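As a plain string of letters, each chain reads:
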Amino acid sequence: MLRHYQMLADYNRWANEQVYAACAALTDADYRTDKGAFFGSAHRTLNHILAADRIWLKRFSGTGDAPTSLDAVLYDDLDGLRAARVVDDRRIIDWIDGLTAQALAGLVSYTPITVATPITQALSPLLAHVFNHQTHHRGQVHATLTALGQPSLALDLVYFLRREGQRWQ
């Protein structure tokens, strides 16, 4: 399972690079236009993904800054957000690279932002959630991009494996 999560962390980095590059081709007005995604615009959705990742990494590792709101706008400009995304993708990769099988089988206790009730859950399925969450919201950004007339992105895991993820096969 560790190798699987390492692959997902690397894929996650690659997919984020694709989405951010596509968003960089938008005008600032289009980047901020509400197209009906859960968080509205590409800008707010990308901020949400980063906010959620920071929240989960803080829960998992006990380190780093974590916002107190799921709709926090951590960066008001795409360049700052993109630079932070690169740093946090590296943090995710490095943290997962440092896990052991024993740690992966362990438990995580945390209090959700949405419900102030402490929860304890196994780390492995929580990691699956984090990667699934990113994929879900990247899909919303992708839908926003295509609604704005941008070309569709090939973000499937298999494209990553064929292009730069051969070491995971």
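Note that the coordinates shown come from a computational prediction; the quantities given were computed from them, not determined experimentally.

Q: Tell me about the overall build of the protein chain, residues and numbers included.
A: A count of helices and strands for the protein chain gives seven helices and two strands. Listing the helices and strands of the protein chain from first to last along the sequence gives α-α-α-α-α-β-β-α-α. For 169 residues, the compact-globule formula gives about 15 Å, and the C-alpha radius of gyration of the protein chain, at 16 Å, lands near that figure. Principal axes of the C-alpha set define a box for the protein chain whose edges measure 45 × 40 × 25 Å. Across the 169 residues in the protein chain, those meeting the buried criterion constitute 46%.

Q: An account of the packing of aromatic side chains is requested, with residue identities and associated values reported.
A: Taken as a whole and assessed by the stated rule, the structure comprises eight aromatic pairs. Taking the centre distance of 5.5 Å and the plane angle of 35° together, the rings of Trp56 and Phe60 count as tilted. Of this pair, Trp56 and Phe60 are both found in helix 3 (residues 42-61), four residues apart, which corresponds to roughly one turn of the helix. Ring centres 5.1 Å apart and planes at 70° place the aromatic pair Trp56 and Tyr110 in the edge-to-face group. Here Tyr110 lies in strand 1 (residues 107-110) and Trp56 lies in helix 3, a separation of 54 residues in the sequence. Its relative accessible area of 10% is what places Tyr110 among the buried residues. Taken together through their ring pairs, the aromatic side chains of Trp56, Phe60, Trp95 and Tyr110 make up a single cluster. Across the ring face of Trp56, the terminal group of Arg59 is positioned such that the distance to the ring centre comes to 4.4 Å.

Q: How would you sum up the nonpolar core? Please name residues and give values.
A: Membership of the largest hydrophobic core comes to 43 residues, with the highest contact counts inside it found for Cys23, Leu46, Phe60, Ile96 and Leu127. Every element with two or more residues in this core is listed here: helix 1 (2-24), helix 3, helix 4 (78-97), strand 1, helix 6 (123-147) and helix 7 (157-163). Sort the elements by how many residues they give to this core and helix 1 lands first, with eleven residues.

Q: Tell me about helix 4, and please be specific about residues and values.
A: Between its first and last C-alpha, helix 4 extends 28 Å over 20 residues, near the 28 Å set by a 1.5 Å rise per residue. Buried within helix 4 we find Leu78, Gly80, Leu81, Ala84, Arg85, Asp88, Asp89, Ile92, Ile93, Trp95 and Ile96. Among the structural elements, helix 1, helix 2 (28-31), helix 3 and helix 6 are those in contact with the buried residues of helix 4.

Q: Which residues make up helix 6, and what are the values?
A: Compared with the 36 Å implied by 1.5 Å per residue over 25 residues, the 36 Å span of helix 6 between its first and last C-alpha is a close match. One or two positions beyond helix 6, positive phi appears at Gly149, with a value near 85°.

Q: Can you tell me about the pattern of salt bridges, naming the residues and giving the values?
A: Under the definition given, this model contains ten salt bridges. We note a salt bridge from Arg167 to Asp10, for which the minimum N-O separation is 2.3 Å. With a gap of 157 residues between them, Arg167 in the segment after helix 7 and Asp10 in helix 1 connect regions that are remote in the sequence. Asp10 gets classed as buried once you look at its relative accessible area, which sits at 5%. Connected through shared salt-bridge partners, Asp10, Arg13, Glu17, Glu164 and Arg167 make up one network.

Q: Go over the side chain of Gln134, please, and point to the residues and values.
A: With respect to the helices and strands, Gln134 occurs in helix 6. Using a relative accessible area of 1% as the deciding quantity, one classes Gln134 as buried. Among residues more than four places away in sequence, those in contact with Gln134 are Asn12, Asn16, Ile49, Asp53, Arg85, Asp89 and Ile92.

About the criteria used
- Residues numbered from 1 in each chain as written.
- Predicted model: local features only at pLDDT ≥ 70, side-chain atom pairs only at ≥ 80, totals over all residues.
- Heavy atoms only, no water.
- Helix = DSSP H or I, 4+ residues; strand = E, 2+ residues; numbered from the N terminus.
- Rg over C-alpha atoms; globule rule 2.2 N^0.38 Å.
- Buried < 20%, exposed > 50% of the residue type's maximum accessible area, 1.4 Å probe, protein only.
- Phe/Tyr/Trp six-rings, centres within 6.5 Å; stacked < 30°, edge-to-face > 60°.
- Lys NZ or Arg CZ within 6 Å of the ring centre and 35° of its normal.
- Core = buried A, V, L, I, M, F, W, Y, C linked by side-chain atoms within 4.5 Å.
- Expected span 1.5 Å × (residues − 1).
- Contact = heavy atoms within 4.5 Å.
- Salt bridge = Lys/Arg side-chain N within 4 Å of Asp/Glu carboxyl O.

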